[in-house]
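Each chain, letter by letter, is given below.
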Amino acid sequence: MMASAISYSGNGVLRSQEPLNKHTSWRVGGEAEWYFKPTNLEELREFLSELARDIPVTWLGLGSNVLIRDGGIKGVVVATHGALDELDLLDDTTVYAQAGVPCAKIARQCAKWGLADAHFFAGIPGTLGGALAMNAGAFGGETWKHVKKARLLSRTGELSEHEASEFQVSYRHVELPVPSWFVGAWLKFDQKTVDKGQIRSLLLKRKRSQPIGLPSCGSVFRNPPGDFAARLIQAADLKGFRIGGAQVSEKHANFIINEDNATAADIEALIDHVQTVVDERFNVRLQREVRIIGEQQS
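**Quick look at unusual backbone geometry**
And then number 1: One non-glycine residue with positive phi stands out, namely Gln17, at about 50°.
And then number 2: Inspection of the secondary structure puts Gln17 in strand E1 (residues 13-19).
And then number 3: Positive phi is not limited to glycine here, since Asn261 has a value of about 55°.
And then number 4: With respect to the helices and strands, the residue Asn261 is situated in the loop between strand E19 (256-258) and helix H6 (264-282).

**A short note on the environment of Asp279**
And then number 1: By the secondary structure assignment, Asp279 is in helix H6.
And then number 2: Accessibility expressed as a relative area gives 27% for Asp279, which makes it partly exposed.
And then number 3: Placed 251 residues apart in sequence, Asp279 and Val28 show a C-alpha to C-alpha distance of 27 Å.
And then number 4: Filtering out sequence-adjacent residues up to four positions away, Asp279 remains in contact with Val284 and Arg285.

**Concerning the pattern of salt bridges**
Two side chains of opposite charge can pair, provided their charged atoms sit close to one another.
And then number 1: A full pass over the atoms with the stated rule returns eleven salt bridges.
And then number 2: Where Lys22 meets Glu18, a salt bridge forms, and the shortest distance between an N and an O atom there is 3.4 Å.
And then number 3: The exposure class assigned to Glu18 is buried, which follows from its relative accessible area of 4%.
And then number 4: Here Arg231 ties to Asp227 by a salt bridge, and the two come within 2.8 Å at their closest N and O atoms.

**Observations regarding the side chain of Ser249**
And then number 1: Note that Ser249 resides in the loop between strand E18 (246-248) and E19.
And then number 2: A polar atom in the side chain of Ser249 sits 3.0 Å from the backbone nitrogen of Lys251.
And then number 3: In this structure Ser249 touches Pro211, Lys239, Gly240, Phe255 and Ile257, once residues within four positions along its chain are discounted.

**A closer look at the sheet that holds strand E11 (residues 147-153)**
And then number 1: One open sheet accounts for five strands, arranged E6-E7-E15-E11-E12; its pairing is antiparallel. Two strands in the sheet have a free side with no partner beyond their single neighbour: strand E6 (87-89) and strand E12 (159-163). Taken over all neighbouring pairs, the strand axes of this sheet differ in orientation by 15° on average, direction set aside.
And then number 2: Direction of pairing for strand E7 (residues 94-98) relative to strand E15 (residues 181-188): antiparallel, over a ladder of five bridges. Along E15, the bridge assignment pairs Val95 with Leu187.
And then number 3: Together, E7, E11, E12 and E15 form the strand contacts of helix H1 (residues 41-50), whose direction differs from that of E11 by roughly 45°.

**As for the nonpolar core**
And then number 1: Counting residues in each nonpolar core, the largest one holds 31 residues, and the members touching the most others are Ile106, Phe121, Leu128, Trp144, Phe182 and Phe189.
And then number 2: Only E7, helix H2 (103-112), helix H3 (128-134), E11 and E15 provide two or more residues apiece to this core.
And then number 3: Not counting residues within four places of it along the chain, the set of residues in contact with Phe189 comprises Thr93, Val95, Cys110, Leu115, Ala116, Asp117, Ala118, Phe121 and His146.
And then number 4: Val28, Val248, Ala253 and Val277 belong to the second-largest nonpolar core, a separate cluster that totals 27 residues.

Cut-offs used in this document
- Residues numbered from 1 in each chain as written.
- Predicted model: local features only at pLDDT ≥ 70, side-chain atom pairs only at ≥ 80, totals over all residues.
- Heavy atoms only, no water.
- Helix = DSSP H or I, 4+ residues; strand = E, 2+ residues; numbered from the N terminus.
- Buried < 20%, exposed > 50% of the residue type's maximum accessible area, 1.4 Å probe, protein only.
- Contact = heavy atoms within 4.5 Å.
- Salt bridge = Lys/Arg side-chain N within 4 Å of Asp/Glu carboxyl O.
- Polar contact = N/O pair within 3.5 Å; in protein donor to acceptor, adjacent residues only side chain to side chain.
- Pairing = 2+ DSSP bridges.
- Axes fitted to C-alpha atoms, helices over the stretch in contact; angles between N-to-C directions.
- Core = buried A, V, L, I, M, F, W, Y, C linked by side-chain atoms within 4.5 Å.

Put into structure tokens, the structure is as follows:
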């Protein structure tokens, strides 16, 4: 993939032909034509405002809910983790967090602030930006149940703020009122005494039931109405099934792990196979929770 010329003189990091396998939790993916990590929101706004309009832009947080194909991504990949990292307590019950803040950090800090109902963020492996974009949830909690207002950034670098009521929110899906990206949100929690061991207990439960420590993306499929994707996959005898270096986890059937130097193509083929087999066995078409982006390898 030949990188088109981009002029940049700011303080952020701009690299061409950046391998994306080191920026995703599956440890797969081709190169980004350009990879940009700003130092703060203002620098990102300036970068976007000066970027040629015909250059595609893709956002990437912790890379935990995305499969990047082996052919990589054209245009610019904007990295938010470590860049959009503000996290502030505004009053007794309101927190402002930028899109690059890891959800686990929100859970830990809210516990220190004595805010209840934020513990579920400990079970979300990505950043707040991704959690906002898909209404991520864990341990019975969901992101958008706590959103008061969100801040968006347009392709031209313009900021706007929108009340939660302006977004169409459903299970693992959010429609934005304008074409843009999430850069932050105001979150509302209860002010109560928090059990200091609650987050540790939830993380221990997660560790026991999920293949933590192995390259994966978290849950691959959404739970169908009234059922669980993991139950259907297990009932289809797919635990341990593999294609190339990709394997359906033996520990949790809704996880696919990079067990042995898998390619993105291996993982995508395994996702398709699981969908096909479950559909044939139970007449249920599992919907992906993970996003698949980028170019097929030529």
